[in-house]
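Structural overview for review
Listed below are the residues making up each chain.
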Amino acid sequence: MNKFKYYFILLLASIAIVSCNKDNDDPETVPLRDYKEQYAADNDSIVKYLKTNYIKSVSADFDIVIEKIPAGGSQVSIMDQTTYPLQTREVYNHDVTYKVYYLTLNKGVGLSPLNTDRVNVAYTGSLLNGTVFDSSYSVSRSFELYMYSSQSVIDGWGEIFPQFKTGTANAASPDGTITYKDYGAGVMFLPSGLGYYGNGIDNIPAYSPLVFSFKLFDLQRLDHDGDGVLDIDEDLNRDGYIYDFRDTARYPTPPATMVADDTDKDGIPDYVDTDDDGDGFSTYYEVTKPTNQVGWVDGVFNGVSTYYPWDPVADNPNTPNTDETEPRGIPRRPTGPLKTEGQPESIVNPRSFLPADYTAAGRLRIHLDKSYPYQKQ
Ligand SMILES: [Ca+2]
Ligand SMILES: [Ca+2]
Ligand SMILES: [Ca+2]
Ligand SMILES: [Ca+2]
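Computed from a predicted structure; not experimentally measured. (Residues numbered from 1 in each chain as written. Chains lettered and ligands numbered in written order. Predicted model: local features only at pLDDT ≥ 70, side-chain atom pairs only at ≥ 80, totals over all residues. Heavy atoms only, no water.)

**Concerning unusual backbone geometry**
Notably, Asp-202 is not glycine yet its phi reads approximately 45 degrees, a positive angle. Relative to the helices and strands, Asp-202 resides in the loop between strand S12 (184-190) and strand S13 (210-220). Residue class for Asp-202 comes out exposed when judged on its relative accessible area of 80%. A positive phi angle is found at Tyr-207, which is not glycine, with a value near 60 degrees. Counting through the fold element by element, Tyr-207 comes out in the loop between S12 and S13. Residue classification places Tyr-207 among the buried positions, given a relative accessible area of 12%. (Helix = DSSP H or I, 4+ residues; strand = E, 2+ residues; numbered from the N terminus. Buried < 20%, exposed > 50% of the residue type's maximum accessible area, 1.4 Å probe, protein only.)

So, in structure tokens, the structure goes:
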């Protein structure tokens, strides 16, 4: 069986950091601190921050200013204020269940990213002492939330951004700049274990909790195993998150509430499994529309794509030269007549597909149907 390569394992090897020995110039390897102990310390620092800082202002564009409550000041702390709900999300990582605090300034009106999608965001990152270490200055920048990408971001981003929604694009200005409105905006307060942890980089000291204010403008759906099914459609339980439990450094004993969306239960989640149902036929092959099912067939338009979408999709009005209409979805196993009636169904005597096989509500898609060997013809 042709399984996806364990290419990311190499990325997991780094479990120690290097620092300078004070007595000589030889680098010395220092073991990382215990994640649970560090989280307890970080959480104390974050709670203290939330109790001793207040929201000075939030602009119409959701630019937020947070400042320390001055001595004797009557400002209401971030923890106690009620204008913007302070929320929490439980995040399991490195055998720690983190309680991540975040503020919702605006939920957004568009789509929520999956935790492996690409997002266009503006952000400002600061330390708990208020020092700003990085900012996109409200200009949209693109990042991959997928944690095993070379361009990936810290784990905390992948956990919090799916709680928000994108905005809508305004008409492009004459210079081609796209601006957005009604986008999701918030602030996340991340313990160092969901940030850079022991890796101090640039102006971020090792083991720093991080505060990010952010705006989620837009997203791009990705297909990490290239099987023609977007990651978002490989999120079987539709909770907005997919995980790879082969990464036992991050997920040594995942709680039952954390789900690997893994149809054939072979340990490789669907989004990186090129054969989701483990039947020996690649998902790519199983969701490729046969050439005689593309375009107009017997007076019925079957769509222009060579791949089936998860659900029928409508034409995108922003691309007038392309018709994305895709009225048929990924089929279930075929229920039409056998090639040769009276003979048993087999790889040489398959059933044909009926239109309902592509459209019936609740149908089990063939690439997720372990009982169906796709009939190679
Ligand atoms: Ca895929
Ligand atoms: Ca999921
Ligand atoms: Ca699998
Ligand atoms: Ca398969």
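Here the narrative resumes, following the displayed structure.
**Quick notes on empty space enclosed by the protein**
Following the criterion strictly, the structure yields 3 cavities of 30 Å³ or more and no others. Put simply, the largest cavity is a space of about 60 Å³. If you trace the largest cavity, you find it lined by Asn-115, Thr-116, Leu-145, Tyr-146, Met-147, Tyr-148, Ile-242, Tyr-243, Asp-244, Tyr-251 and Tyr-271. Counted by class, the lining of the largest cavity contains 8 nonpolar, 2 polar and 1 charged residues. (1 Å grid on protein atoms, 1.4 Å probe; cavity = no way out; pocket = protein on both sides within 12 Å on 5 of 7 lines; lining within 4 Å. Points joined across faces, edges and corners; volume = space filled by probe spheres on them. Nonpolar A, V, L, I, M, F, W, Y, C, P; charged D, E, K, R; others polar.)

**Re the side chain of Arg-118**
Tracing the chain through its elements places Arg-118 in strand S7 (residues 118-126). Separated by 2.5 Å, the side chains of Arg-118 and Ser-142 make a polar contact. Apart from residues no more than four positions distant in its own chain, Arg-118 is found in contact with Ser-142, Phe-143, Glu-144, Gln-151, Asp-218, Leu-219, Gln-220 and Leu-222. (Polar contact = N/O pair within 3.5 Å; in protein donor to acceptor, adjacent residues only side chain to side chain. Contact = heavy atoms within 4.5 Å.)

**Things to note about the coordination of the calcium ion (ligand 2)**
Distances from the calcium ion (ligand 2) to its protein donors, namely Asp-235 (OD), Asn-237 (OD1), Asp-239 (OD), Tyr-241 (O) and Asp-261 (OD), fall within the range 2.2 to 2.4 Å. Written as a sequence motif, the donor arrangement for the calcium ion (ligand 2) is D-x1-N-x1-D-x1-Y-x19-D. With Asn-237 in the loop between S13 and helix H3 (283-286) and Asp-261 in the loop between S13 and H3, this residue pair connects regions lying 24 residues apart in the sequence. The class for Asp-261 is buried, based on a relative accessible area of 3%. (Donors = N, O, S within 2.8 Å, 3.2 Å for Na, K, Ca; no water.)

**Thoughts on the packing of aromatic side chains**
According to the stated counting rule, one finds 25 aromatic pairs in the structure shown. Both rings, one in Trp-157 and one in Phe-212, keep their centres 5.3 Å apart while their planes meet at 90 degrees; by these two values the pair is edge-to-face. Of this pair, Trp-157 sits in helix H2 (residues 155-160) while Phe-212 sits in strand S13; the two residues are 55 residues apart in sequence, bridging distant segments of the chain. Here the two residues Trp-157 and Phe-212 agree in accessibility, since each one is buried. When the ring centre of Tyr-358 is taken as origin, the NZ or CZ atom of Arg-328, which lies over that ring, is 4.8 Å away. (Phe/Tyr/Trp six-rings, centres within 6.5 Å; stacked < 30°, edge-to-face > 60°. Lys NZ or Arg CZ within 6 Å of the ring centre and 35° of its normal.)

**Quick notes on the confidence of the model for the chain**
Low pLDDT marks regions whose predicted coordinates should not be analysed in detail. Taken over all residues, the pLDDT of the chain has a mean of 87, while the share at 70 or more is 90%. Under a pLDDT of 50 for its full length, residues 1-24 has, in the predicted model, 42 contacts with residues more than four places off or in other chains. (pLDDT = per-residue confidence, 0-100.)

**Structural notes on the nonpolar core**
Residues Tyr-98, Val-121, Trp-157, Phe-161, Met-188 and Phe-212 are the most contacted members of the largest nonpolar core, which totals 31 residues. When residues of this core are traced back to their parent elements, those giving at least two are helix H1 (35-52), strand S6 (96-106), S7, H2, S12 and S13. Tyr-98 has contacts with Tyr-35, Tyr-39, Arg-89, Glu-90, Val-91, Asn-93, Pro-191, Gly-193 and Leu-194, leaving out every residue within four places of it along the chain. Tyr-101, Leu-103, Ala-122 and Tyr-183 belong to the second largest nonpolar core, which has 20 residues in total. (Core = buried A, V, L, I, M, F, W, Y, C linked by side-chain atoms within 4.5 Å.)

**Some remarks on the environment of Asp-134**
Structurally, Asp-134 is set in strand S8 (residues 132-135). In contact with Asp-134, not counting residues within four places along its chain, are Tyr-123, Thr-124, Gly-125 and Arg-141. Separated by 2.6 Å, the side chains of Asp-134 and Tyr-123 make a polar contact.

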